[in-house]
Structures are given as structure tokens and as C-alpha cells.
Amino acid sequence: INKVRGVFIMQSELLLLPVVKILLIAVFFLAVLIEIKTAGTGIGALLGIIAAGALFFSEYMAGNVSFWEIIIFLIGVIFITIEIILPGIGLFAIIGMLAIFYSFIMALGGNMAAFYALLLSLLIAIIFFALKIKKIPSSKLWNNVVLKDSESSIEGFSSSLDYSSLLGKKGVVIAKLRPAGSIE
């Protein structure tokens, strides 16, 4: 029993290292991005729950986090879920994200170093996601968010009328040309 307890304590101490905390939060953020990209598979959600659970469990066992931080995190998840189920203007999602950010900052110590650690975690997740985005399958939600088609002039698209025939010609200004106006 002491051997098992010693291994558990070693694992708990490993999870309390600042680098590991940053990586766990980065995994959480990465999992959220993956879940958005692959909506419906649940792989991202499961990975995020495991990462957040490991962080909060280790911090709770060390006495660094109370139930309030965990409850705030869960409230944030609930608000984001409400926004997904009942799409609105994003208010619930924003409140949910702020609650999750706040709970992570409090779990990391509640100071500026914790804020910077959270930003670093988010940056790590975004960079890793950007590097692997092509290999992750896409969902309908992702396809609605990301523009895949380009609208080039070769394909017949134009954002304005073609005035190239007027280049080099002379005209009379009838309105001040700052930054646009009219000519005859």
C-alpha cells in the first residue's frame, strides 16, 4: 500500500510543476479547438475534460484550489454548452469563457504570473493547432466558420467596376478627392 501511495504522491507532485500545469491548460485549449474543428466526435471534449480534471484534481489535493474554482469552471462549461444548444449573440459563450479563464487563473495562483501562464498555454495551443489543422478532419461547424473558396478575378469575381480604361485620362474634379470623390 505504501508503494502505491508513493507512486500516487509522485504523480501528484509531477502535476504540480508549473510547466505541467501550463501544458495541461494548453491541452484543454487545444481540445476545445479540436472539438470545434471535428464537432460531434467527442474526442476533443474528452481530452479537455481529462486535462482540466487532472489540473483541478492535483491542485485540489495539494490544497491550492477550493471547490469554488472547480464550480466556476463547471459553470463556464455549462454556459458554453447553453450557447451551443441555443445559439444567440454569444453572450453565454463569452461569460463561459471568462469563467473558465478565471478558474484557470485562480488554479495557477491568482496573480499576474498565472495570467501570463494562461496566455502562454493559449499560445501553445493555437500554434500546435495551426501546425496540425490540415490533418484534423473538418465538421460542418468548421466549414461554416472558415472560408475555403477564393473569389479571384480569373474566376470572374470582381469587387468593383473595371476603370482601367480611364488610367492616364484627364478629367474635371466635381468633389474633393479625400480619400474619394467624383470626377467628370
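Our subject is the structure that appears above.
Conventions adopted
- Residues numbered from 1 in each chain as written.
- Predicted model: local features only at pLDDT ≥ 70, side-chain atom pairs only at ≥ 80, totals over all residues.
- Heavy atoms only, no water.
- Core = buried A, V, L, I, M, F, W, Y, C linked by side-chain atoms within 4.5 Å.
- Buried < 20%, exposed > 50% of the residue type's maximum accessible area, 1.4 Å probe, protein only.
- Helix = DSSP H or I, 4+ residues; strand = E, 2+ residues; numbered from the N terminus.
- Contact = heavy atoms within 4.5 Å.
- Patch = residues over 30% accessible without salt bridge, like charges linked within 9 Å, V, L, I, M, F, W, Y side chains within 5 Å.
- Areas by Shrake-Rupley, 256 points an atom, 1.4 Å probe, with all protein chains shown as cover.
- Salt bridge = Lys/Arg side-chain N within 4 Å of Asp/Glu carboxyl O.
- Axes fitted to C-alpha atoms, helices over the stretch in contact; angles between N-to-C directions.
- Parallel < 35°, antiparallel > 145°, perpendicular 65-115°, else oblique.
- Left-handed = near helix turned anticlockwise from the far one by under 90°.
- Nonpolar A, V, L, I, M, F, W, Y, C, P; charged D, E, K, R; others polar.

Colleague: Got a minute to help me understand the nonpolar core in this structure?
Modeller: The tendency in soluble globular proteins is for nonpolar side chains to be buried as a group. Counting 25 residues, the largest nonpolar core has Ile 25, Phe 28, Phe 29, Phe 56, Phe 73 and Phe 104 as the members making the most contacts within it. Looking at this core, the elements that each hand over two or more residues are helix 2 (18-37), helix 3 (43-61), helix 4 (67-85), helix 5 (91-107) and helix 6 (112-132). Per-element accounting of this core gives the leading share, eight residues, to helix 2. Not counting the four nearest positions on each side in its chain, Phe 104 is found in contact with Ile 25, Phe 28, Phe 29, Leu 55, Phe 56, Phe 73 and Leu 118.

Colleague: How should I be thinking about a nonpolar patch on the surface in this particular structure?
Modeller: Together, Val 19, Leu 23, Leu 120, Leu 123, Ile 124, Ile 127 and Leu 131 give the surface a local cluster of nonpolar side chains, amounting to about 640 Å² of exposed area. Only helix 2 and helix 6 provide two or more residues apiece to the nonpolar patch. Broken down by element, the nonpolar patch gets its largest block of residues, five residues, from helix 6. Turning to its location among the elements, Ile 127 is positioned in helix 6.

Colleague: Got a minute to help me understand the pattern of salt bridges in this structure?
Modeller: If charged atoms from side chains of opposite charge come close, those side chains can pair. Counted by the stated rule, this structure contains one salt bridge. As a salt-bridge pair, Lys 21 and Glu 59 come within 3.0 Å of each other at their nearest N and O atoms. Here Glu 59 lies in helix 3 and Lys 21 lies in helix 2, a separation of 38 residues in the sequence. A relative accessible area of 1% means that Glu 59 is categorised as buried.

Colleague: Would you explain the packing of helix 5 against helix 6 in this entry?
Modeller: Packed helices, taken two at a time, are described by the angle their axes make and the gap between the axes. The interhelical angle for the contact between helix 5 and helix 6, taken along N-to-C directions, is 125°, at an axis separation of 8 Å. One finds that helix 5 runs oblique with respect to helix 6. The handedness of the crossing between helix 5 and helix 6 comes out as right-handed. Residue-level inspection shows Phe 101, Phe 104 and Ile 105 of helix 5 in contact with helix 6, the latter providing Ala 114, Phe 115 and Leu 118. The residue makeup of the contact of helix 5 with helix 6, split by class, is six nonpolar, no polar and no charged.

Colleague: Looking at this structure, I do not really get the environment of Phe 92. What am I missing?
Modeller: Note on placement: Phe 92 falls in helix 5. For Phe 92, a relative accessible area of 35% corresponds to the partly exposed category. Setting aside residues no more than four positions away along its own chain, Phe 92 makes contact with Phe 79, Ile 80, Ile 82 and Glu 83.

Colleague: Could you clarify how one ought to interpret the packing of helix 2 against helix 3 in this entry?
Modeller: Look at helix 2 against helix 3: their axes get within 7 Å of each other, and the N-to-C directions meet at 155°. Our classification of the angle between helix 2 and helix 3 gives roughly antiparallel. Helix 3 is crossed by helix 2, and the crossing has left-handed handedness. Only Ile 43, Gly 44, Ala 45, Leu 47, Gly 48, Ala 51, Ala 52, Ala 54, Leu 55 and Glu 59 of helix 3 make contact with helix 2, whose side of the interface consists of Lys 21, Leu 24, Ile 25, Val 27, Phe 28, Ala 31, Ile 34 and Glu 35. Residues that form the contact of helix 2 with helix 3 fall into these classes: 13 nonpolar, two polar and three charged.

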